[in-house]
Amino acid sequence: MKRRTIRKLLAVILAVVLAVLPMAGCYGGNRNTDIDWTDYDYDAPPQVNTERVKRLAGGYWPAPPGFGGNLAGSQVGDVGYYVYESMFLVIVGTDKIIPRLAEEWVHDGNVTTVKLVRNRFWSDGTRFTAKDLYAYYIINITDAAINRQLESIRVVDDYTLEFVWVEPMVSDTQKMLYLAEGWQASTPYHIFGEFVDRIEAIMAQAQPYTGERAKHTAFGLTFTKEQKAELKTIFNDYKNVDLETPVGTGPYMVEKATNVQVNLVANPYFPDADKLEFQKLEMQNVSDYNSLLCSGGTDTFIGTLSYDMSVNILEQSGSMVMYPLLEQKCIGLIFNTNSKPLDDVRVRKALNELVDRKTIRETANYWAVENDVATTGMVPSSMEKYIDADVLAKFDHYTGSAEKAAQMMEDAGWTRNAEGKWQDAGGKTYKLVIAANAGWGAQGITAATEIARQLTEFGIETEAKAAEATVVVSNMKEGLYDMMIDYVDMTYSISDPYKALSNYYGDTTEKAGIKVNETPLILKDYDGREINMKEAVDSLLYINNEAEYRDLVGRIAWATNDNAIAINLYQNVMCVWENAATSKGLPMEELFSEYNRMMPLPRSEEEYEEIAVLNRAYAPFAEVYVRNKIKPR
């Protein structure tokens, strides 16, 4: 990653809840800052971290007595990443799917058969079976996305499930992505079975769905108003079940929870639990993360800090390692396309050319990666994976040139008046407002202020306005602002184009004043062919042919960029911190000296995965399942 001199050094997003750091139970600080980064023996017993404890700084869970064991009741928090499992594990950012509770699977026509592992028990000692996963889908009948693609789920035997897909079926790729979503092993039937039975009784009385495929209901069932109310009541009853601690099949179980620390220990029922490299996890809330990291007093921290603070931590600790990792979301400026002059695509393109993304990135999020497209509906880092190079070469790219932007304004019929302000063909000038979520800090109002400064200096008077988080989005959708700082090209987890584009043509377009579900949005691709954007995106679900899929993705993304309803400012970066003094086998260890432990962005998919598995949100404690490479030093 290039090092740049920045104009303003500001702290950015912190992914932690700030509380008080307990000192009890911690095994000291940095025991060794004079480490030969390449000289270690994987098989040697630990010499420093002899307790085989992994300390995790930060995280969220409700303070007792709010903490409990029901995921639906929001009692579990980040602890769930270590105590629950799913059929498959998806590495966020690569969409690599790894079997977890699934052992074998086969797609045969409209049926996918999944064979489950036979070596799992719940942490209370009860044997895990297929009925437990079935319970998850039934209890979450209206919330689990996969249910709307299914006619039914059948429990064949204790270790076999059959998923019966709706015709026409989604592609095999989409089937796997749907199957991999969610923590299916979080609703043990032996605890929550009564709710499953109650829901099944209502399902048996429901009428079959007969509407269009795009609006298919869960399991093809139509519920009456009374039945929907009853389903809601059942879910609320289930959500209010109070378990003392989570019951899961994962590698760890809760030993103790306070308002500042949760201790997790190896689940004795987990296969080869005694061979887990870390026998205990201590998840700690922190109040002074700077001092904690400087002293090497933790082993893991997930959070993006300012450049100055990061350099200081690396120098003071002598052992902390910072890994930047691209998130699957971008910050951008969304235009209100119903507001003049932003209803003119030529003006939107001129502003895309004008904005100096580098300055904004340095102001708002130093570690982020600025982009040179308008907006494509896809996370920029995934575009080369899904779009052919010859198509990418056709995209408009923007350089931040005020001179070129001025020429584009003139080509659109605009002129500068005697005061240097831009006026349209009718001689009218405009004053624009950029709104930003008041809670976003540097990434919100600071970025908006810098953009407003650039536009005003260019000759379009613009002001930035901080708006309350509770109203900023709804106000934008109602057309109360000309522009808004918000997420643009993004996904919540899976980077597959359908997920990204379906989010874009719904949420992002609505913020831009375009309601694709009410009025078809017809754009032209690079060949001049008209595309109904919503229909084209929806069709991606069913395409199994890779060449056909890539072709359509490229055309949709190109047309989206050409329409320029937003400016993709930069792709977010989340940083993962690891302590090399207490853990060995960390990613890119041979490069620690070269980069002074301020590591570059991953240079390959393999490096990305090695770092992603260290982020509980990107791959819940995936090293247990993927490589178990990180060991106590």
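Look up: the structure comes first, before these words.
Residues numbered from 1 in each chain as written. Predicted model: local features only at pLDDT ≥ 70, side-chain atom pairs only at ≥ 80, totals over all residues. Heavy atoms only, no water.

## Quick notes on the overall build of the protein
Of regular secondary structure, the protein possesses 20 helices and 25 strands. Radius of gyration (C-alpha) of the protein: 26 Å, near the 26 Å computed for a compact globule of 633 residues. Expressed along its principal axes, the backbone C-alpha trace of the protein runs to roughly 80 × 70 × 45 Å. For the protein, the share of sequence-separated contacts (at least 6 apart) that also reach a separation of at least 24 residues comes to 73%. As displayed, the protein offers around 25,200 Å² of accessible surface, 47% of which is attributable to carbon and sulfur atoms. (Helix = DSSP H or I, 4+ residues; strand = E, 2+ residues; numbered from the N terminus. Rg over C-alpha atoms; globule rule 2.2 N^0.38 Å. Contact = heavy atoms within 4.5 Å. Areas by Shrake-Rupley, 256 points an atom, 1.4 Å probe, with all protein chains shown as cover.)

## Details of the state of the cysteines
Formally, a disulfide is one covalent bond, and it connects the sulfur atom of one cysteine to the sulfur atom of another. Summed over the entire model, instances satisfying the criterion amount to zero disulfides. In this structure Cys294 is a free cysteine whose sulfur lies 15 Å from that of Cys575, the closest cysteine sulfur available. (Disulfide = S-S within 2.5 Å.)

## With respect to the layout of surface pockets
Put simply, the second largest pocket is a space of about 940 Å³. Forming the boundary of the second largest pocket are 32 residues, of which Ala214, Tyr498, Ser502, Lys534 and Asp538 lie nearest the centre. Counting only elements with at least two residues in the lining of the second largest pocket, the list comes to α15 (497–511) and α16 (533–539). Considered class by class, the residues forming the lining of the second largest pocket number 13 nonpolar, nine polar and ten charged. (1 Å grid on protein atoms, 1.4 Å probe; cavity = no way out; pocket = protein on both sides within 12 Å on 5 of 7 lines; lining within 4 Å. Points joined across faces, edges and corners; volume = space filled by probe spheres on them. Nonpolar A, V, L, I, M, F, W, Y, C, P; charged D, E, K, R; others polar.)

## Brief notes about the packing of α15 against helix α17 (residues 546–563)
Between α15 and α17, whose axes approach to 12 Å, the crossing angle comes to 30°. As far as their axial angle goes, α17 and α15 are roughly parallel. In terms of crossing hand, the pair formed by α15 and α17 is left-handed. Along the contact surface, α15 presents Pro497, Tyr498, Leu501, Tyr504 and Tyr505, while α17 presents Tyr549, Val553, Ile556 and Thr560. Broken down by class, the residue content of the contact of α15 with α17 amounts to eight nonpolar, one polar and no charged. (Axes fitted to C-alpha atoms, helices over the stretch in contact; angles between N-to-C directions. Parallel < 35°, antiparallel > 145°, perpendicular 65-115°, else oblique. Left-handed = near helix turned anticlockwise from the far one by under 90°.)

## Points about the sheet that holds strand β7 (residues 160–165)
Judged by pairing direction, the sheet is antiparallel, and its four strands sit side by side in the order β4-β5-β7-β6 without closing on themselves. The open sheet has two edge strands, β4 (102–108) and β6 (150–157), and neither has a second partner. When strand polarity is set aside, the average angle formed by the axes of neighbouring strands in this sheet is 15°. Two elements, β6 and β7, share six bridges in a ladder whose sense is antiparallel. In the sheet register, Arg154 faces β7, and the bridge partner there is Glu162. (Pairing = 2+ DSSP bridges.)

## With respect to helix α9 (residues 357–364)
For α9, a buried count of seven out of eight residues is recorded, marking the element as mostly surrounded by other parts of the structure. Buried within α9 are the following residues: Arg357, Thr359, Ile360, Arg361, Glu362, Thr363 and Ala364. Tucked inside the fold, the buried residues of α9 contact α8 (345–354), β15 (369–370), α13 (445–458) and β23 (566–579). If you check the start of α9, you find a side-chain oxygen 3.3 Å away from the backbone N of Lys358, and it comes from Asp356. (Buried < 20%, exposed > 50% of the residue type's maximum accessible area, 1.4 Å probe, protein only. Polar contact = N/O pair within 3.5 Å; in protein donor to acceptor, adjacent residues only side chain to side chain.)

## A look at the packing of aromatic side chains
All chains considered together, the criterion is met by 20 aromatic pairs. Between Phe121 and Tyr269, the aromatic rings sit 6.2 Å apart at their centres with planes inclined by 35°, giving tilted as the arrangement. Note that Phe121 is positioned in the loop between β5 (111–116) and α2 (130–139) and Tyr269 in the loop between β11 (261–266) and β12 (280–284), a separation of 148 residues in sequence. Note on Tyr269: relative accessible area 36%, which makes it partly exposed. Each member of the aromatic cluster is reached from another via a ring pair, and the members are Phe192, Phe195, Phe235 and Tyr238. Over the ring of Tyr189 we find Lys131; its NZ or CZ atom is 5.1 Å from the centre of that ring. Taking NZ or CZ as reference, Arg416 lies 5.2 Å from the ring centre of Phe458, over its face. (Phe/Tyr/Trp six-rings, centres within 6.5 Å; stacked < 30°, edge-to-face > 60°. Lys NZ or Arg CZ within 6 Å of the ring centre and 35° of its normal.)

## Quick word on the nonpolar core
Core analysis: the biggest nonpolar cluster contains 92 residues, and Met87 and Phe163 have the highest contact counts within it. Counting residues per element, this core draws most heavily on α2, which supplies eight residues. Beyond its immediate chain neighbours, meaning those up to four positions away, Met87 contacts Pro99, Arg100, Leu101, Ala102, Val114, Leu116, Leu133, Tyr137, Phe163, Leu179 and Gln184. Listed in part, the 45 residues of the second largest apolar core include Tyr252, Ala273, Ile611 and Leu614. (Core = buried A, V, L, I, M, F, W, Y, C linked by side-chain atoms within 4.5 Å.)

## Points about the side chain of Arg120
Assignment of secondary structure puts Arg120 in the loop between β5 and α2. With relative accessibility at 6%, the residue Arg120 sits in the buried group. Only 2.9 Å separates the side chain of Arg120 from the side chain of Glu85, close enough to count as a polar contact.

Nothing here speaks to function; it is all geometry.
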